[in-house]
Amino acid sequence: MARVRGGGIVFPEKKATAGMTIMPMAVPEKVYIPMKQAPGEVYLPIVGPGDRVRLGQLIAEAGSPGCAPIHSSVSGEMISIDRLSAQMDKGELYMIIKTDGRQELDPEVRPPKIRNSFEFFEAVRGSGIVDFGRNRTPLVSMLERAEGKNIKALIINGTEPEPYVSVCAMNIQSFPEFLRDGTLTVMDRLGIPSGIIAVGSGMKDAISMVQSRIAGESRLSLFSVRNFFPSGNDTVLIHELTGELLPPGKAPEDMGYLVLGAQTVIKLAEFLTTGMPLVSRSLTVDGDAVSKPRNVEAPIGTHAADILEFCGGEKKPIRKMIIGGPVTGRAIESREYSVGKDDSAMLCFSELYTPHARESACIGCMSCADCCPMSLMPRFIMRAAITGDRDELRRLAAASCLDCGACSFVCPARIALGDRMKYAKSLLSDAAGAKAAGAKSAAGAVTPAGRAGEAGSQKAGSRPSGRGRSAGSSSSSKKTRESKGKGGRGERKK
Ligand code: SF4
Ligand code: SF4
């Protein structure tokens, strides 16, 4: 049973697939590789129907900045590029490849020769690697953004606070050397003096693996981060580790931090060692309706139906399938969904776990405020958004919302608060609104979490007088000092 803490949700640490080795999936008969992987991207296919393709072969170049090239995840014959109506992003193009089961390697797949920074960036650009969990942003874009910004620490995000999902932990456990080497490579290339590897406190085996692999490497430190959702959010994680607050609209690099996913640097190190671009994705397959919950490595473009079959099929009739974790994931309508570059889980639930999700009226319970990691008041922000009251939205610091979805998850009235928060922020996104929100934040409008003690007084339903807690307020500054003194809320392991 999940529990709301002051700023966040604590889920039970038990995950059915924890400790399960990641199993490579049998190659399906066909793969359907999405040509467009994020909004605004343009891809230029370089193979056509009838062409033979090999594993790791470049099949589509990036046609616009901000997208990563696409490589074939299988060997076989390219059949067509089609718009597939069953997919979630209806109308987008998919490259359909009939596999031959041989997984013949493309001769171009070999470790890149890197003698200088230019060659490093070009190699990463060609790898097709995206930063997991960041809307498929190419890794090279993350590195280029950080270059020349005087980054003081590289933070590796190895937290995995959502229930069910265990694939990040298993990747860290399976490839601790790649984690260490990928981290050090990025630090060396960007001239970053220190690296912090942040791992969820529940991931005990992963923690001891990392601990042993980084022993003697003085530039790296390991932090065990307390297990609560959304501890993996950049703003929350930086605050947990350093006590510093990321202002709304600012990127971690603006504060001297570069945050990358643990699986991202693992893939980077693997690519630099073997030359294999990003062609597969590891996912946790779980939920009460799956016969054999597993961690699997699936070729990109594999249908959800094939993955389900690999996991023994349905144990009970599936009522809902989610790609990603139960809080941040997206429900899929069809089993013809194709696995993309940053999918982390496929959860299948029966009727038992999926009560009817019809919205009802707000009951004023304030659970949404209690769980908000930014100490916001989603209920009141929702109201102000409905009436279009921008001044009230600014007063309530709506721009500080992290889009984490925790408020939607806990709402007993099943109100899609996350969508309301997005709408509220869109009302503030004009230049004047952004300026006002920035000024408010600069004055220290809100800090993540650490808001125990406020909840009780607000639960009575009284109108908040700026729910966001002032960084200069006594409770907040005390918390921040405590965090710094103890090395953040997590625990420094090394
Ligand atoms: S959690 Fe839902 S029902 Fe409770 S106060 Fe917030 S919006 Fe209203
Ligand atoms: S989505 Fe925004 S308002 Fe809701 S809990 Fe997360 S940070 Fe708070």
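Description of the structure in this document.

Definitions and cut-offs
Residues numbered from 1 in each chain as written. Chains lettered and ligands numbered in written order. Predicted model: local features only at pLDDT ≥ 70, side-chain atom pairs only at ≥ 80, totals over all residues. Buried ≥ 20, exposed ≤ 12 C-beta atoms within 10 Å, placed from the backbone. Helix = DSSP H or I, 4+ residues; strand = E, 2+ residues; numbered from the N terminus. Pairing = 2+ DSSP bridges. Near = placed C-beta within 6 Å. Nonpolar A, V, L, I, M, F, W, Y, C, P; charged D, E, K, R; others polar. Contact = placed C-beta atoms within 7 Å. Axes fitted to C-alpha atoms, helices over the stretch in contact; angles between N-to-C directions. Parallel < 35°, antiparallel > 145°, perpendicular 65-115°, else oblique. Left-handed = near helix turned anticlockwise from the far one by under 90°. Core = buried A, V, L, I, M, F, W, Y, C linked by C-beta atoms within 7 Å.

1. Re the pairing of strand β11 (residues 153-158)
Alright, step 1. Burial of β11 is extensive: six of the six residues sit out of reach of the surface.
Alright, step 2. Neither face of β11 is left uncovered, since the one carrying A153, I155 and N157 and the one carrying L154, I156 and G158 both have all their residues buried.
Alright, step 3. Judged from the six bridges that link them, β11 and strand β12 (residues 194-200) form a sheet pairing that is parallel. By the bridge assignment for β12, A153 is matched with S194.
Alright, step 4. Both β11 and strand β14 (residues 257-261) contribute to a ladder of five bridges, which runs parallel. Across the sheet, N157 pairs through a bridge with G261, a residue of β14.

2. Here we look at the sheet that holds strand β8 (residues 70-71)
Alright, step 1. Within the open sheet, the three strands sit side by side as β5-β7-β8. Their pairing is antiparallel. Edge positions in the open sheet fall to β5 (43-45) and β8, since each of these has one partner strand only.
Alright, step 2. As defined by bridge partners, β5 adjoins strand β7 (residues 58-62) across three bridges and the pair is classed as antiparallel. By the bridge assignment, L44 is partnered in β7 with E61.

3. Examining the site of ligand 1
Alright, step 1. Around ligand 1 there are 14 residues in total, and C362, C365, C368, C411 and A413 lie nearest to it.
Alright, step 2. Contributing elements (two or more residues each) for the shell around ligand 1: α9 (367-371) and α10 (378-387).
Alright, step 3. When grouped by side-chain class, the residues that make up the shell around ligand 1 number 11 nonpolar, two polar and one charged.

4. Topic: the environment of P317
Alright, step 1. Take P317: it is sitting in the loop between α8 (304-310) and β17 (320-323).
Alright, step 2. Leave out the neighbours within four places in its chain, and P317 touches A289 and S350.

5. A look at the site of ligand 2
Alright, step 1. Around ligand 2, the structure places 16 residues, and the nearest of them are C372, C401, C404, A406 and C407.
Alright, step 2. Elements supplying a minimum of two residues to the shell around ligand 2: α12 (406-410) and α13 (417-427).
Alright, step 3. Here the element with the most residues in the shell around ligand 2 is α13; it accounts for three residues.
Alright, step 4. The residue makeup of the shell around ligand 2, split by class, is 13 nonpolar, two polar and one charged.

6. Topic: the sheet that holds strand β9 (residues 76-83)
Alright, step 1. The strand order across the open sheet built from four strands is β4-β10-β9-β6, with neighbouring strands paired in antiparallel fashion. Lying at the two open borders of the sheet, with one neighbouring strand each, are β4 (30-34) and β6 (52-53).
Alright, step 2. When β6 meets β9, the two strands line up antiparallel, connected through two bridges. Counterpart to R52 in the pairing with β9 is E77.

7. Points about the pairing of β7
Alright, step 1. Here two bridges tie β7 to β8, and the two strands are oriented antiparallel to one another. Residue pairing for β8: L58 is matched across the bridge by H71.

8. Quick look at the packing of helix α3 (residues 167-174) against helix α7 (residues 262-274)
Alright, step 1. Orientation of α3 relative to α7, taken along the N-to-C sense of each, is 40°, at an axis distance of 9 Å. Our classification of the angle between α3 and α7 gives oblique. Crossing geometry of α3 relative to α7 is assigned as left-handed. Touching C168, N171 and I172 of α3 are A262, Q263 and I266, all from α7.

9. Concerning the nonpolar core
Alright, step 1. Judged by nonpolar contacts, the single largest core of 101 residues is most densely connected at I155, A198, V199 and V210.
Alright, step 2. The next biggest cluster of nonpolar side chains, apart from the first, holds 35 residues, and it includes A369, F380, A406 and C407.

Just distances and angles here, no functional claims.
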